[in-house]
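# A look at the structure
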Amino acid sequence: MAIDTDDEIKAPVKVRISEKLSKLGNDVQGSQAWSSIFRPGSIFRKGYTDSPRNRSYVIMNSVMYHLHPVKVKRHAVKVSYTLCLGGLTFFLFILLTITGIFLMFFYRPTAAAAWDDIYNLQASVTFGLLVRNMHRWAAHLMVLTVFLHMARVFYHGAYKPPREFNWVIGVILLTLTLLLSFTGYLLPWDQLALWAVTVGTNMMGYTPVLGDQVRFVLLGGFDIGTDTLLRWYVLHVLMLPFVAVIFMAIHFWRVRKDGGISGPL
Ligand code: HEM
């Protein structure tokens, strides 16, 4: 049989490939693993009809989507209402976690190694300078955005019932953000860091009654040294982020339980 053009050969091959792909798609969508991820009603499952009820069903039943509310008020998605400041703060926290993990690969928290490690990170690690600066700027920005977020919430009177509990959770988050910022400040072990921490811990030494004890606990001794560095490092990379994640989870859960973002006054 004579073959006239290339198209005549390609067309049946194309059909066969698309039939195979669609069969593969059906097999995957019919598998147990797929249905355990995408619950009934999901747009990714067969037989989905697009109706308001089905859309709610998708959100409620999907492991991927259930963190989102089924309905949001119009003003809550208007950027000019929240300025997305809470979301920005959260985004910066995630960015800080990712860049922070990168930095941990190259940093040892001892008086002998810390400064050299930071120097080498900038001088000889690929993207080291960039990632360090991203971490530093994101930290400064997070302090700024959390303050602005608090001001926005205050300005909208969103601290009033039923949101007073979430305001208190917010105050804890603000404290944690400031503590994260302060503990991170010591880690480069340069003159700026040493004197900032000397001044800071001396001030805390004036706490009524327990001043000396507070200072001793914060420094891990009587003076700033490797013990202080290790203590603040563990607080910075482990304990404070861990506590912050827990409080953020409570914070977001409360936003939902308090009926979403407060409306215009
Ligand atoms: C790590 C710090 C924080 C994060 C990641 C965070 C995140 C968020 C997010 C994403 C929202 C949803 C609305 C929006 O984006 O504005 C929100 C709402 C809220 N936040 Fe924060 N927040 C933080 C700190 C604070 C602080 C310091 C306060 C107050 C002291 C606060 C009080 C509130 C309140 C009361 C709401 C509900 C606002 C409303 O209904 O209009 N948050 N937060």
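Refer to the structure above for everything that follows.
Rules behind the numbers
Residues numbered from 1 in each chain as written. Predicted model: local features only at pLDDT ≥ 70, side-chain atom pairs only at ≥ 80, totals over all residues. Heavy atoms only, no water. Helix = DSSP H or I, 4+ residues; strand = E, 2+ residues; numbered from the N terminus. Rg over C-alpha atoms; globule rule 2.2 N^0.38 Å. Buried < 20%, exposed > 50% of the residue type's maximum accessible area, 1.4 Å probe, protein only. Contact = heavy atoms within 4.5 Å. Axes fitted to C-alpha atoms, helices over the stretch in contact; angles between N-to-C directions. Parallel < 35°, antiparallel > 145°, perpendicular 65-115°, else oblique. Nonpolar A, V, L, I, M, F, W, Y, C, P; charged D, E, K, R; others polar. Expected span 1.5 Å × (residues − 1). Left-handed = near helix turned anticlockwise from the far one by under 90°. Phe/Tyr/Trp six-rings, centres within 6.5 Å; stacked < 30°, edge-to-face > 60°. Lys NZ or Arg CZ within 6 Å of the ring centre and 35° of its normal.

### With respect to the overall build of the protein chain
Along the protein chain, the regular secondary structure elements total 11 helices and 0 strands. Each helix and strand of the protein chain, placed in order from N terminus to C terminus, yields the pattern α-α-α-α-α-α-α-α-α-α-α. For the protein chain, whose C-alpha radius of gyration is 27 Å, the value lies well above the compact-globule estimate of 18 Å for 265 residues. A principal-axis box enclosing the C-alpha atoms of the protein chain has dimensions of 95 × 55 × 35 Å. A burial count over the protein chain gives 31% of its 265 residues as buried. Restricting the contact set of the protein chain to residue pairs at least 6 apart, pairs at least 24 apart contribute 62%.

### Let's talk about the packing of helix α8 (residues 164-186) against helix α9 (residues 191-204)
The interhelical angle for the contact between α8 and α9, taken along N-to-C directions, is 130°, at an axis separation of 8 Å. Viewed along their axes, α8 and α9 adopt a mutual orientation that is oblique. Packed against α8, whose contacting residues are Phe 182, Tyr 185 and Leu 186, the element α9 presents Leu 192, Ala 193, Leu 194, Ala 196, Val 197, Gly 200 and Met 204 at the interface. Across the contact of α8 with α9, the residue classes tally to 9 nonpolar, 1 polar and no charged.

### Describing helix α7 (residues 128-155)
For α7, spanning 28 residues, the distance from its first C-alpha to its last is 40 Å, which sits close to the expected 40 Å at 1.5 Å a residue. Taken as a whole, α7 has its buried residues at Gly 128, Val 131, Arg 132, His 135, Ala 138, Met 142, Val 143, Thr 145, Val 146, His 149, Arg 152 and Val 153. Once α7 ends, the next one or two residues include Gly 157, with phi positive near 65°.

### Let's talk about the environment of Gly 225
As for its position among the elements, Gly 225 is in the loop between α10 (211-219) and α11 (226-257). Owing to a relative accessible area of 18%, Gly 225 belongs among the buried residues under this scheme. Linking Gly 225 and Thr 110, residues 115 residues apart in sequence, is a C-alpha distance of 8.4 Å.

### Some thoughts on the packing of α7 against α8
At their nearest, the axes of α7 and α8 sit 10 Å apart, and the two run at 160° to each other. The orientation of α7 relative to α8 falls into the category roughly antiparallel. Of the two possible hands of crossing, α7 and α8 adopt the one that is left-handed. Residues Arg 136, Met 142, Val 143, Val 146, Phe 147, Met 150, Val 153 and Phe 154 of α7 touch α8, and the partners they reach there are Trp 167, Leu 174, Thr 177, Leu 178, Ser 181 and Tyr 185. A class-by-class count of the residues in the contact of α7 with α8 yields 11 nonpolar, 2 polar and 1 charged.

### As for the packing of aromatic side chains
Going through the model one piece at a time under the given rule, you end up with 9 aromatic pairs. On the basis of an interplanar angle of 85° and a centroid distance of 5.0 Å, the ring pair of Phe 90 and Phe 252 is categorised as edge-to-face. Residue Phe 90 is located in helix α5 (residues 85-104), and its partner Phe 252 is located in helix α11; the two are separated by 162 residues in the primary sequence. Classification of Phe 252 as partly exposed rests on a relative accessible area of 40%. Aromatic side chains Phe 154 and Trp 167 sit 6.5 Å apart centroid to centroid with 45° between the ring planes, which places their arrangement in the tilted category. Within this pair, whereas Phe 154 is found in helix α7, its partner Trp 167 is found in helix α8, the two being separated by 13 residues in sequence. Under the relative-accessibility criterion, Trp 167 is labelled partly exposed at 27%. In textbook terms, an aromatic cluster arises when at least three aromatic residues are bridged by ring pairs, as seen for Phe 154, Tyr 159 and Trp 167. Positioned over the ring face of Trp 253 is Arg 254, at 5.2 Å from the centre of the ring.

So, to be careful, I would describe these as geometric facts and stop short of saying anything about function.
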